[in-house]
Amino acid sequence: MHVGNTPVDPAYMKISKHDKWAIPWMEDDPGLTAPELWVNRTLEHMEDAKKYRCNGLLGIHWRTEQTSPQIAAMAQKSWNFSLTSEEFWTTWSMEEFGIFGPSSVFMKIDSFDLPRPVTWSGGPGGFHADGGQCSWDAKYAFVDQLADIRSDVKGAGNLDRFDYWLNSFKYMRAISRTECCWAEYNMAIQSVSKETDPKKRQEMAEQMALPLRIQLVQNATEMMTFLLQTVTSTGELGTIMNVLSHSLVHAIDEPTAQLLSYLQHPLPTDAMPSQQYKGPSRLIVTTVRTMIQKSETLRIRAAVLSPGTVEHVAVNVRSMKGSSGEFKQYPLDRLSADRNVFETHLPEQSDDFEYYIDSVTGSDHLMWPAGAPDITQTVIIV
């Protein structure tokens, strides 16, 4: 599959009777469930488009946060055509995280230097059993390099943005671990299947296949926990749906019946995916509006991701006139008894306003956006 990989077509040079716009992809479909950093490639596409005398260029993409570096680079190069990827990453790192340090890591993995553990496999971003991924430790040395910089990042907003990328790359590394274990499990179960004696086959399944099945479930659970730490928009929710309904069906669900037939007893609890989230608590707002019409009521919807019981979710609102008054609190209602998704519609506001959301779950007091209540989300009325 070459969806998203095709360079700007030189045939643009031959078009002379009307305007012409290049529309390169900011990401490609085969890699759609993993991070994709295409700053270098995007800048090259822009230079090619100019060389072929295009009137303009538009970037096309599926996801938003994951493609934000290349989109930002595209916007900046439109104003400064001499922009290089090194200049971009240095500036971007300071703006996103408040320090230059991470720029060296991002420069190392930009474009074709970033590992690619996923591919087109019955759809975009498919996982596959791949023994080649068992060398994941060397491929992902940059993840630990980035983690070592974390203590230098100061400020809630900077740290929140940093953790988004750190968790994205930890998730990516966990994909490789999962694919490696999947390949090892397939080899083990193939050996088990060749044994014709039922008793020996059961013993082999217990000793060879079951431990790898347990490790596979553990790796996949770790992978999904990291992925859940990256959810900031419905784009990441789409990635979760892709992985759960596509790749993990092939890796975990479909092989279960064969293993059960060899074991002749139910699988232990740790050989099946848990329905319980065990990661750090998060307060997630996937759709953030910055502007509403006069007389419009703003819908606020938030999701709480937590192993604990959610006791309270509320939005705190005040006028931006002076921004010194008290916040007025409006509780959010749970939408479903078995889901930690909450919603309210704010009453009509007479002035531009700011708000933040807070939630109490177990011992955690969560705030959104990062840095609240000192940092808030603003909404302009037009």
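These figures come from a predicted structure and were not determined experimentally. For every chain, the first residue of the written sequence is number 1, and numbering continues from 1 along that sequence. Since the coordinates come from a predicted model, pLDDT governs what is reported: local features require at least 70, and pairs of side-chain atoms require 80 or more to be given and counted, while whole-chain, interface and lining totals use all residues. Neither water nor hydrogens contribute to the side-chain values; these are computed over all heavy atoms in the structure.

Caption draft 1: Layout of the nonpolar core. Throughout, nonpolar core names a set of buried Ala, Val, Leu, Ile, Met, Phe, Trp, Tyr and Cys residues whose side chains join them through atoms within 4.5 Å. A simple rule labels every residue: compare its accessible area, found with a 1.4 Å probe on the protein chains alone, to the largest value its type can have, and call it buried under 20%, exposed over 50%, or partly exposed in between. Formed by 50 residues in total, the largest nonpolar core has its most connected members in F106, F169 and M223. Looking at this core, the elements that each hand over two or more residues are α1 (39-51), α3 (85-97), α4 (102-109), α6 (141-149), α7 (156-194), α8 (198-228) and α9 (234-253). A run of DSSP states H or I qualifies as a helix once it reaches four residues; a run of E qualifies as a strand once it reaches two. Both are numbered from the N-terminal end. Counting residues per element, this core draws most heavily on α7, at 11 residues. In this analysis, two residues are considered to be in contact whenever any of their non-hydrogen atoms come within 4.5 Å of each other. Other than its neighbours up to four places away in sequence, F169 contacts P35, L37, F106, I109, L114, F142, V143 and L146. Formed by 22 residues, the second largest nonpolar core is a distinct cluster that contains V304, L346, F353 and L366.

Caption draft 2: Up close: the sheet that holds strand β3 (residues 282-284). Any two strands with at least two DSSP-identified bridges between them are counted as paired. Pairing in this open sheet of 4 strands is antiparallel, and the strands run β3-β5-β9-β8 from one edge to the other. Each edge of the open sheet is held by one strand with a lone partner, namely β3 and β8 (333-336). Averaged over neighbouring strand pairs, the angle between their axes works out to 35 degrees when direction is ignored. Inspection of the sheet shows β8 paired to strand β9 (residues 339-345) by 3 bridges, in the antiparallel sense. By the bridge assignment for β9, R334 is matched with F342. All axes here are fitted lines through C-alpha atoms, helices being fitted over the stretch that makes contact, and every angle between N-to-C directions spans 0 to 180 degrees.

Caption draft 3: Region of interest: the environment of D374. By the element assignment, D374 lies in the loop between β11 (364-368) and β12 (377-381). For the pair D374 and S78, spaced 296 residues apart in sequence, the C-alpha to C-alpha distance is 34 Å.

Caption draft 4: Up close: α4. Restricting attention to buried positions, one finds in α4 the residues P102, S103, V105, F106 and I109. Around the axis of α4, the buried residues are gathered within 160 degrees of arc, so they sit on the same side. At its buried positions, α4 is contacted by α3, α6 and α7. Trailing α4 by a residue or two, S111 shows a phi angle of about 60 degrees, which is positive. This arc is taken over the directions from the axis of the helix to the C-beta atoms.

Caption draft 5: How the structure looks around unusual backbone geometry. In this structure, P369 follows W368 across a cis peptide bond, with omega equal to 0 degrees. Here A372 and P373 are connected by a cis peptide whose omega angle stands at 5 degrees. Checked against the element boundaries, P373 lands in the loop between β11 and β12. Look at S111: it is not a glycine, yet its phi comes out positive at around 60 degrees. When you line up the elements, S111 lands in the loop between α4 and α5 (136-139).

Caption draft 6: Up close: the packing of α1 against helix α2 (residues 68-79). Where α1 meets α2, the closest approach of the two axes is 9 Å, and the angle between their N-to-C directions is 35 degrees. α1 and α2 meet at a crossing whose hand is right-handed. Contacts between α1 and α2 pair V39, T42, L43, M46 and E47 from the former with P69, Q70, A73, M74, K77 and S78 from the latter. Any residue outside Ala, Val, Leu, Ile, Met, Phe, Trp, Tyr, Cys, Pro, Asp, Glu, Lys and Arg is labelled polar, Gly included; the first ten of those are nonpolar and the last four are charged. A per-class count over the contact of α1 with α2 returns 6 nonpolar, 3 polar and 2 charged. Should the near helix be turned anticlockwise from the far one by less than a right angle, the crossing is left-handed, and should it be turned clockwise, the crossing is right-handed.

Caption draft 7: Examining the environment of A370 more closely. Within the fold, A370 resides in the loop between β11 and β12. By relative accessible area, A370 is classed as partly exposed at 24%. Each C-alpha atom of the pair A370 and S233 lies 15 Å from the other, and the pair is 137 residues apart in sequence. Setting aside residues up to four positions removed in sequence, A370 forms contacts with A156, G157, D160 and I375.

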